[in-house]
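Summary of the model geometry
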Amino acid sequence: MNLRRYVVRRVLLGVVQVLLAMVLVFLLTEALPGDAAVTAAGDNPDPAIIELMREQLGLNAPWWQRLGEWMFGAVQGNFGRSLVGPHSVLDIIGSSVGPTLLLAMLTLALVVPVSLGLGILAANREGRLADRVITSTTLGLYSVPEFAMGILLVTVFAVQLGWLPPTAVGGSNLLSRPDVLVLPVLVLLLRPICSLSRLIRAGMIEALQSGFVQQARRCGLSPLRVQLAHALPNAAVPAVQQLARTTDWLIGGVIVVEAIFVIPGLGTTLIEAVSARDLPVMQGLSLVLASVTVLVNLAADIVARLLAPAAEVDG
């Protein structure tokens, strides 16, 4: 199958996945106990008032009718309005996406070079002290959950040593206080670096022992060119796909990190929407996150498809 047909096929599959995600998100949010009317009524709800609020909010309509209306609006870019506030869902997402994008982009910008450096270093020092230290350290760090690592780093560097602020409370502009970003980005970096560097190490070891690399060395090419131009592209194919899975993981990881460090991003907004049973906001955020997941995996599959022929030819 040529690249164009492959891309068209993957795009169509991605559209189907997004539509299925829309239905699943709607049904799961509908299954949550309570609703926005009950939450807004407080501790001593009046059944008549709750019923009136449900009627005003459109919660009494059949679920299939609300699903159809929501999907029809969503494909047109209209996610509706919040049930507990005056803003539209798109306005809420737009006002909170900045911190989440900043955390994700900083993490991705750092994870690739650090993982490449550690993986290549470990592969070139296979079986030596540097390789053993990198391998054992990455294995140990990967086993620690994000929330536990976040609490540990806050306890050590913020509470005991006082080097860094424990939360982002007091300011929504994270760029104005870069010290606030250090601990959240570090928490998000650790597990992806561990998984990617180990994959690159394994791929580089296999590539460095292959016949085409040996031939390149016999032709007198410099060690740096041999590693970067011949060995690394072959080791990068599984790493690219793992990077897509890492980006998927970042979606959930950012939610956890934002909750720990009180960062006003999409994760915090989603948690607040769940607490308030604000269905349109929950559904809109979940759909955006699902769409990002589909797009990231589509991009990774296309990149891997582009790299694979070169790897096969070199091999």
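Structural data are supplied above this passage.
Description of the structure in this document.

1. Describing the packing of aromatic side chains
Considering all chains together, one arrives at 1 aromatic pair under this definition. On the basis of an interplanar angle of 45° and a centroid distance of 6.0 Å, the ring pair of Phe157 and Trp163 is categorised as tilted. The exposed category is assigned to Trp163, whose relative accessible area is 61%. The positively charged end of Arg191 is found above the aromatic ring belonging to Tyr142, 4.5 Å away from the centroid.

2. As for the environment of Arg198
Inspection of the secondary structure puts Arg198 in helix α8 (residues 179-208). Taking the C-alpha atoms as reference, Arg198 lies 8.7 Å from Leu139; in sequence the two are 59 residues apart. Setting aside anything within four residues of it in sequence, one finds Arg198 in contact with Thr135, Thr138 and Leu139.

3. Re a nonpolar patch on the surface
Taken together, Val11, Val15, Leu19 and Val75 make up a surface patch of nonpolar side chains, about 320 Å² in accessible area. Looking at the element boundaries, Val75 is found in the loop between α4 (63-74) and α5 (89-124). On the basis of relative accessibility, which here comes to 57%, the residue Val75 falls in the exposed class.

4. A few points about the nonpolar core
Ranked by internal contacts, the top residues of the largest apolar core, which has 22 residues, are Met22, Trp70, Phe79, Ile93, Val281, Leu285 and Leu287. At the level of secondary structure, the elements contributing two or more residues to this core comprise α1 (3-30), α4, α5, α11 (266-276) and α12 (279-314). The biggest single contributor to this core is α12, with 7 residues. When near neighbours in sequence (up to four residues on either side) are disregarded, Phe79 contacts Trp70, Ala74, Val89, Leu90, Ile93, Pro280, Gly284, Leu287 and Val288. Ranked by size, the runner-up nonpolar core spans 21 residues in total, among them Leu181, Leu183, Leu196 and Val254.

5. Description of unusual backbone geometry
If a residue is not glycine, its phi is most likely negative; likewise, a peptide bond is most likely trans. The phi torsion at Val262 lies on the positive side, around 55°, for a residue other than glycine. Tracing the backbone through its elements, the reader meets Val262 in the loop between α10 (223-261) and α11. Judged by relative accessible area, Val262 falls into the partly exposed class, the value being 40%.

6. Concerning the side chain of Glu258
Mapping Glu258 onto the fold places it in helix α10. At 2.6 Å, the side chain of Glu258 forms a polar contact with the side chain of Thr100. Polar contacts involving the side chain of Glu258 include one to the main-chain amide nitrogen of Gly267, which spans 2.5 Å. What Glu258 contacts, discounting residues up to four positions off in sequence, is Pro99, Thr100, Leu103, Ile263, Gly265, Leu266, Gly267 and Thr268.

7. What to know about the pattern of salt bridges
In total, this model carries 1 salt bridge according to the counting rule given. A salt bridge links Asp131 to Arg201, with the nearest nitrogen and oxygen atoms 2.7 Å apart. Placement of the pair is Asp131 in helix α6 (residues 129-142) and Arg201 in helix α8, with a sequence separation of 70 residues. Under the relative-accessibility criterion, Asp131 is labelled buried at 4%.

Here is what the cut-offs are and how they apply
Residues numbered from 1 in each chain as written. Predicted model: local features only at pLDDT ≥ 70, side-chain atom pairs only at ≥ 80, totals over all residues. Heavy atoms only, no water. Phe/Tyr/Trp six-rings, centres within 6.5 Å; stacked < 30°, edge-to-face > 60°. Buried < 20%, exposed > 50% of the residue type's maximum accessible area, 1.4 Å probe, protein only. Lys NZ or Arg CZ within 6 Å of the ring centre and 35° of its normal. Helix = DSSP H or I, 4+ residues; strand = E, 2+ residues; numbered from the N terminus. Contact = heavy atoms within 4.5 Å. Patch = residues over 30% accessible without salt bridge, like charges linked within 9 Å, V, L, I, M, F, W, Y side chains within 5 Å. Areas by Shrake-Rupley, 256 points an atom, 1.4 Å probe, with all protein chains shown as cover. Salt bridge = Lys/Arg side-chain N within 4 Å of Asp/Glu carboxyl O. Core = buried A, V, L, I, M, F, W, Y, C linked by side-chain atoms within 4.5 Å. Polar contact = N/O pair within 3.5 Å; in protein donor to acceptor, adjacent residues only side chain to side chain.

Honestly, that's just the spatial picture; any functional story needs more than this.
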